[in-house]
Amino acid sequence: MNTTTLSPTKRFIVGVQFLFVAFGATVLVPLLVGLEPATALMTAGLGTFIFHFITKGKVPIFLGSSFAFIAPIISASKQWGMPGTLAGLLGVSLVYFVMSALVKWQGKRLLDKLFPPVVIGPVIILIGLSLSSSAVDMAKSNWLLAFISLITAILVLTMGRGLLKLVPVVCGISAGYIAACCLGEVDFRPVAEASWFALPSGIAHFSLPDLSWEPLLFMIPVAIAPVIEHIGDVYVVGAVAEKDFTKDPGLHRTLLGDGLACFASAFLAGPPVTTYSEVTGAMSITKVTSPAVIRIAAGTAIVFSVIGKLSALLRSIPQSVLGGIMLLLFGTIASVGLLNLMRHKVDLNQTRNIIIIGVTLTMGIGGAVLSYGNFAISGIGLSAIVGITLNLCLPKEKEKKN
């Protein structure tokens, strides 16, 4: 759905809804690793604008705090402190830059060879399913509130009309939040104590990262997983929007956009910002895939980051309310992966295809981890590498002649 079919008011409401979808995860990462949530919102908005500038405003992707870096940031901060860790995060952008150059050099041939549908399909499924445990963890703190949010969103999505049908997530969160207030589950003291206007600390107290090689080398291997996940996300967004963004504007541009966003975020004391599957799920539900609407979400994130009371109010939304919404969104992402396999007519009668899909899903869902010293790779990144390797090594079956 293009913005030409939406009024400015509807465009704004849907854009804010997309931010609501990404808000919980975006502020949760900095809270877990010791960074400021407002800074994460600011860098998410700025990173999204950088990404859209690099990709010529064609790709409807929102960038937010990456869960892949939670454990590495915590580990690195214990060894080198937060200034050293932020310097190490600059290494993440270097991996994106190198991958962008390789894709630019080899073009679509490299993608077709490394990431055919039989590999991308299960990776997309994993992007949704691997996040499902996070949704359940968020929801289980209060299943009643989670189900109120989930059921409301489902009812609006299936029975809503007009503008209402475009905002199932906002309706679900609103219903869950009202219920939480009635049950006394919302603490308004932080809202009352917050100032009306406050610059995020990364902006107000800007300083250059403490550059050193050790944290830089520590973080570089960690970036492999989100780079591979980025490729899967681009395919997911393309499937939802029914466009091939690997051709136009090109995967080399999307990789470069993510890399530059991570680079800027590290300098502003924020967590790495990468493509966000949560917003992709919301696009799949609402059928709104306009990049302009995503930029509204990015601009809203920046505004929220400097309005202290508004940020505090949003942070008061119980995790269970957000978890109920995530149960719906992450499932839709997995279904897009199934649709990808069906659309490309992947032959499941071929033994090699069954092996690739089966092993990729089993390792991803099972939580396989490969580690050596300080290097570790797991989840989607490891599963994608295994899937790519199997696809390159397993012999292709000859077509049977009638």
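Rules behind the numbers
- Residues numbered from 1 in each chain as written.
- Predicted model: local features only at pLDDT ≥ 70, side-chain atom pairs only at ≥ 80, totals over all residues.
- Heavy atoms only, no water.
- Core = buried A, V, L, I, M, F, W, Y, C linked by side-chain atoms within 4.5 Å.
- Buried < 20%, exposed > 50% of the residue type's maximum accessible area, 1.4 Å probe, protein only.
- Helix = DSSP H or I, 4+ residues; strand = E, 2+ residues; numbered from the N terminus.
- Arc of directions from axis to C-beta.
- Contact = heavy atoms within 4.5 Å.
- Expected span 1.5 Å × (residues − 1).
- Salt bridge = Lys/Arg side-chain N within 4 Å of Asp/Glu carboxyl O.

Student: Give a detailed account of the nonpolar core, specifying residues and quantitative values.
Tutor: If you look at the biggest cluster of nonpolar residues, it comprises 109 residues, and the most contacted ones within it are Phe18, Phe62, Leu89, Val92, Ile173, Ile317 and Leu329. If you tally residues by element for this core, the top one is helix α1 (residues 8-33), at twelve residues.

Student: Any chance you could break down helix α7 (residues 132-139) for me, citing the residues and the numbers?
Tutor: Listed in full, the buried residues belonging to α7 are Ala135, Met138 and Ala139. Summarising the axial view, the buried residues of α7 lie within an arc of 95°, below the 170-degree limit, and thus occupy one face. Elements that come into contact with the buried residues of α7 comprise α8 (143-159) and α19 (319-343).

Student: Tell me about helix α10 (residues 168-182), residues and numbers included.
Tutor: The end-to-end C-alpha separation of α10 is 21 Å, in line with the 21 Å expected for 15 residues at 1.5 Å each. When α10 is considered as a whole, its buried residues turn out to be Pro168, Val169, Cys171, Gly172, Ile173, Gly176, Tyr177, Ala179 and Ala180. Taken from the residues just after α10, Gly184 is the one with a positive phi, measuring 70°.

Student: Talk me through the environment of Val33; I want residue IDs and the actual numbers.
Tutor: Looking at where Val33 falls in the secondary structure, it is placed in helix α1. For Val33 and Pro271, which are 238 residues apart along the polypeptide, the C-alpha to C-alpha distance reads 8.9 Å. Among all residues touching Val33, those that are not within four sequence positions of it are Ile70, Ile73, Ile74 and Met82.

Student: I'd love a proper account of the pattern of salt bridges, names of residues and values included.
Tutor: According to the stated counting rule, one finds three salt bridges in the structure shown. The closest approach of N and O atoms between Lys58 and Asp248, which form a salt bridge, is 2.8 Å. Here the residue Lys58 occupies a position in the loop between α2 (37-54) and β1 (63-65), and Asp248 occupies one in helix α15 (residues 246-267), the gap between them amounting to 190 residues. On the basis of relative accessibility, which here comes to 32%, the residue Lys58 falls in the partly exposed class. We classify Asp248 as partly exposed; its relative accessible area is 41%. For Asp137, the salt bridge is made with Lys140, and the minimal N-O distance between the two is 3.3 Å.

That is the geometry; function is a separate question.
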